[in-house]
Amino acid sequence: MRRKTDRKVSCFMKPYIEEVFIRDEIAYEFIPYENGFMCRTELSKTGFTEALEDAFCEIQKEESCSNIPVYSLRTLQNKEKLNRLMRMNKRNGFHILNRDMGRCENSIFAEGIVA
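None of these values were measured; they are calculated from a predicted model. (Residues numbered from 1 in each chain as written. Predicted model: local features only at pLDDT ≥ 70, side-chain atom pairs only at ≥ 80, totals over all residues. Heavy atoms only, no water.)

Draft legend 1. Focus on the overall build of the protein. If you tally the helices and strands in the protein, you get five helices and five strands. At 15 Å, the protein has a C-alpha radius of gyration in line with the 13 Å of a compact globule built from 115 residues. Overall, the C-alpha framework of the protein stretches about 45 × 35 × 25 Å when taken along its three principal axes. In the protein, which comprises 115 residues, the proportion classed as buried is 38%. (Helix = DSSP H or I, 4+ residues; strand = E, 2+ residues; numbered from the N terminus. Rg over C-alpha atoms; globule rule 2.2 N^0.38 Å. Buried < 20%, exposed > 50% of the residue type's maximum accessible area, 1.4 Å probe, protein only.)

Here it is in C-alpha cells:
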C-alpha cells in the first residue's frame, strides 16, 4: 500500500477532482486548508496529474454545455481507460482537451488512435 500524500486543491477544482475520484473509485479525503483544501490520497504524482487532467476535461465538457465527453491525450493513449470511459458515457464520439490539441495532432494520427 502506498503512503498517502497531500496536495493542494483550490475550492474551484475540488468538485471536479472529487467527481473523477468517485468515478474511478479512488480513495480520497479533502481537508480544509487556507483558501482551499489538501487532498489526501494514495495516488502517485503521475496518477494525481492524470486525475487533474480528467477534472479539466469535466470542466471543458461543462463549459461546452454538451454531453459529449472530453478526453485528454493521456486517456486517448490508454486504450483500456478510453474503452472503459466510452462504455460508461455510452458514447463513441468525444472532444479532445483543448490544451492537448497540438500534441494530439502529432500523436493520435501517427499512432492510429483515430482513423
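Draft legend 2. Spotlight on the side chain of glutamine 60. Relative to the assigned elements, glutamine 60 resides in helix H2 (residues 45-63). Not counting the four nearest positions on each side in its chain, glutamine 60 is found in contact with Val70, Ile96, Leu97 and Asn98. (Contact = heavy atoms within 4.5 Å.)

Draft legend 3. Molecular detail of the pairing of strand E2 (residues 28-33). In this sheet, strand E3 (residues 36-41) lies alongside E2 in antiparallel orientation, the contact comprising six bridges. Residue pairing for E3: tyrosine 33 is matched across the bridge by glycine 36. (Pairing = 2+ DSSP bridges.)

Draft legend 4. Spotlight on the sheet that holds strand E1 (residues 5-10). With respect to topology, three strands assemble into an open sheet ordered E1-E3-E2, the strand pairing being antiparallel. Both outer strands of the open sheet, E1 and E2, are each paired with one neighbouring strand and no more. On average, each strand axis in the sheet is inclined to that of its neighbour by 30 degrees, with strand direction left out of account. Bridge analysis of E1 against E3 gives six bridges, and the strand direction is antiparallel. Pairing of threonine 5 across the sheet is with threonine 41, part of E3. Those strands touched by helix H1 (residues 14-23) are E1, E2 and E3, and its axis lies near 165 degrees from that of E2. (Axes fitted to C-alpha atoms, helices over the stretch in contact; angles between N-to-C directions.)

Draft legend 5. Quick peek at the packing of H1 against H2. Across the interface, H1 lies against H2 with an axial gap of 8 Å and an inter-helix angle of 115 degrees. Classified by the interaxial angle, the pair formed by H1 and H2 is roughly perpendicular. The element H1 and its partner H2 pack so that their crossing is right-handed. From H1, Tyr16, Ile17, Glu19, Val20, Phe21 and Arg23 reach across to H2, where they touch Phe48, Ala51, Leu52, Asp54, Ala55, Glu58, Ile59 and Glu62. Its residues assigned to classes, the contact of H1 with H2 comprises nine nonpolar, no polar and five charged. (Parallel < 35°, antiparallel > 145°, perpendicular 65-115°, else oblique. Left-handed = near helix turned anticlockwise from the far one by under 90°. Nonpolar A, V, L, I, M, F, W, Y, C, P; charged D, E, K, R; others polar.)

Draft legend 6. Fine view of H2. Here H2 contains 19 residues, and its C-alpha end-to-end distance of 27 Å stays within 8% of the 27 Å for a straight helix at 1.5 Å per residue. Regarding H2, the residues found buried are Phe48, Glu50, Ala51, Glu53, Asp54, Ala55, Cys57, Glu58, Ile59, Gln60 and Lys61. Cysteine 65 sits one or two positions beyond H2 and adopts a positive phi of about 55 degrees. (Expected span 1.5 Å × (residues − 1).)

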